[in-house]
Amino acid sequence: QTAAAVQMFKTTGSEMSSAFTSLGANATASGIALNEQMAVLGTLQATMSGSEAGTKYRQFILNIAKAQEKLGLQFTDSQGRILPMVKILNTLRGQYGDTFDELEAYELKQAFGSAEAVGLIKLLMGNTDGLATSITKLGRIQGMKNAEDMAKAMIDPWEKFQAVTEAVRIGFGNALLPT
């Protein structure tokens, strides 16, 4: 999934790693699926660094319970797990519309307790369909095929030829060694 996310969002493995480092275990502990975490972080990385994306997402998660209470909206299920991001964004869209004026942005900042969380909402609100598609695509990935394809694409054909030649040379050497 990481290999596909890096390709899908035109980011790098180190930026994605930085995003997850900044996010920490908060999302997983809150019941958010890995494919959704990758899609959110990857989408955010289109306009910011990985560490900034992780920080925004972490602030959103840390303050979601407080925000649902202050806004009178439901962002968690009956077990206290955070609802899918697209569902949360659609709930906010139903309350505020597609864009936020200054007063609404201020209200969201008070509810979520940080500008980072509001920044995440503003950035993701504009493309919930794309986010939903990315989450679905990443969720369908099984196995290591994408990572293998990326690794094969990085191999220089001459290096591969040299490695084969070296293996043949070692094979001859090992055959002649007893003699």
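The preceding data block contains the structure.
The structure presented is a predicted model; accordingly, all values stated were derived computationally and were not measured.

Participant: I'd like a rundown of empty space enclosed by the protein, residues and numbers included.
Facilitator: Applying the stated criterion across every chain yields a total of 1 cavity of 30 Å³ or more. Here the largest cavity defines a volume of roughly 30 Å³. Lining the largest cavity, in full, are Ile 32, Glu 36, Tyr 57, Phe 60, Ile 61, Ile 82, Leu 83, Met 85 and Ile 88. When contributions to the lining of the largest cavity are tallied by element, the ones reaching two or more residues are α5 (50-62) and α7 (85-96). Top element by residues in the lining of the largest cavity is α5. It accounts for 3 residues.

Participant: Could you give an account of a nonpolar patch on the surface, naming the residues involved and the relevant values?
Facilitator: Where nonpolar side chains cluster on the molecular surface, the patch consists of Val 164, Val 168 and Phe 172 and spans about 300 Å² of accessible area. Mapped onto the secondary structure, Val 164 falls in helix α12 (residues 157-176).

Participant: Kindly report on the side chain of Ser 30, identifying the contributing residues and their values.
Facilitator: Residue position: Ser 30 is located in the loop between α3 (26-29) and α4 (34-44). Non-local contacts of Ser 30, meaning those with residues more than four positions away in its chain, are made with Ile 61, Arg 81 and Ile 82.

Participant: With reference to specific residues and values, describe the packing of aromatic side chains.
Facilitator: Scanning the entire structure with this criterion turns up 3 aromatic pairs. Consider the rings of Tyr 96 and Phe 100, whose centres lie 5.7 Å apart with planes at 75°: the pair is edge-to-face. Like Tyr 96, the residue Phe 100 is buried in the burial classification. An aromatic cluster is present here, built from Phe 60, Phe 75 and Phe 112 joined pairwise through their rings.

Participant: Can you explain helix α2 (residues 13-23)? Please cite residues and give values.
Facilitator: Among all positions of α2, only Met 16, Ala 19, Ser 22 and Leu 23 are buried. Along the long axis of α2, the arc covered by the buried residues comes to 125°, so they all point the same way. For α2, exposure combined with an orientation more than 90 degrees from the buried face picks out Ser 14 and Thr 21. Phi for Gly 24, located one or two positions after α2, is positive at around 70°.

Participant: Which residues make up the nonpolar core, and what values do they have?
Facilitator: Residues Tyr 57, Phe 60, Leu 92 and Phe 112 are the most contacted members of the largest nonpolar core, which totals 46 residues. Excluding residues that lie within four positions of it along the chain, Leu 92 makes contacts with Leu 71, Leu 73, Phe 75, Gly 97, Leu 108, Ile 121 and Met 125.

Participant: Which residues make up the packing of α2 against α4, and what values go with them?
Facilitator: Following both chains from N to C, one finds α2 and α4 inclined at 110°, their axes separated by 10 Å at the closest point. Judged on the interaxial angle alone, α4 and α2 are roughly perpendicular. Crossing handedness for the pair α2 and α4: right-handed. Where α2 approaches α4, its residues Met 16, Ala 19, Phe 20 and Leu 23 are matched on the opposing element by Leu 34, Gln 37, Met 38, Leu 41 and Gly 42. Residue composition of the contact of α2 with α4, grouped by class: 7 nonpolar, 2 polar and no charged.

Participant: Break down the pattern of salt bridges for me, citing the residues and quoting the values.
Facilitator: This model, assessed by the stated rule, comprises 3 salt bridges. A salt bridge links Glu 52 to Lys 56; the nearest nitrogen and oxygen atoms lie 3.9 Å apart. Remark: Lys 56 and Glu 52 occur in helix α5; sequence separation between them is 4 residues, near one turn of the helix. A relative accessible area of 37% means that Glu 52 is categorised as partly exposed.

Participant: Can you break down the environment of Gly 54 residue by residue, with the values?
Facilitator: The residue Gly 54 is located in helix α5 in this model. By relative accessible area, Gly 54 is classed as buried at 0%. Distance from Gly 54 to Ser 17, taken between C-alpha atoms, is 9.5 Å for residues 37 residues apart in sequence.

Calculation criteria
- Residues take numbers from 1 onward in each chain, read along the sequence in its written order.
- Per-residue local features of the predicted model are confined to residues with pLDDT of at least 70, and side-chain atom pairs are confined, for both listing and counting, to 80 or more; whole-chain, interface and lining totals are unaffected and use all residues.
- Hydrogens are left out, water is left out, and the side-chain values use all remaining heavy atoms of the structure.
- The rule is simple: put a 1 Å grid over the protein atoms alone, call a set of points where a 1.4 Å probe fits but cannot get out a cavity, call an open set with protein on both sides within 12 Å along at least five of seven lines a pocket, and count a residue as lining if it has an atom within 4 Å of a point.
- Grid points are joined across faces, edges and corners, and a volume is the space filled by probe spheres set on the points.
- Helix and strand labels come from DSSP, where a helix needs a run of H or I of at least four residues and a strand needs a run of E of at least two; each type is numbered from the N terminus.
- Residues enter patches when their relative accessible area tops 30% and they take part in no salt bridge; the joining distance is 9 Å for like charges and 5 Å for the nonpolar side chains Val, Leu, Ile, Met, Phe, Trp and Tyr.
- Calculation of accessible area relied on Shrake-Rupley with a 1.4 Å probe; when residues are assessed, cover is drawn exclusively from the protein chains displayed.
- Whenever a carboxyl oxygen of Asp or Glu lies within 4 Å of a side-chain nitrogen of Lys or Arg, that contact is scored as a salt bridge.
- Contacts between residues were defined by any pair of non-hydrogen atoms, one from each residue, lying within 4.5 Å.
- Pairing of aromatic rings covers Phe, Tyr and Trp, the last through its six-membered ring, and needs centres within 6.5 Å; plane angles under 30 degrees mean stacked, over 60 mean edge-to-face, and all others mean tilted.
- Three labels apply to residues, based on accessible area from a 1.4 Å probe with only protein chains included: buried if under 20% of the type maximum, exposed if over 50%, partly exposed otherwise in between.
- By definition, the arc is the one covered by directions from the helix axis to the C-beta atoms.
- In this text, buried Ala, Val, Leu, Ile, Met, Phe, Trp, Tyr and Cys residues form a nonpolar core when linked through side-chain atoms within 4.5 Å.
- Axis geometry follows a simple rule: fit a line to the C-alpha atoms, using only the stretch in contact for helices, then measure angles between N-to-C directions, giving values from 0 to 180 degrees.
- Roughly parallel refers to an angle under 35 degrees, roughly antiparallel to one over 145, roughly perpendicular to one between 65 and 115, and oblique to any angle outside these ranges.
- By the definition used in this description, the sense in which the near helix is turned from the far one sets the handedness, with an anticlockwise turn below a right angle giving left-handed and a clockwise turn giving right-handed.
- For this scheme, ten residues count as nonpolar: Ala, Val, Leu, Ile, Met, Phe, Trp, Tyr, Cys and Pro. Four count as charged, namely Asp, Glu, Lys and Arg, and the remainder, Gly too, count as polar.

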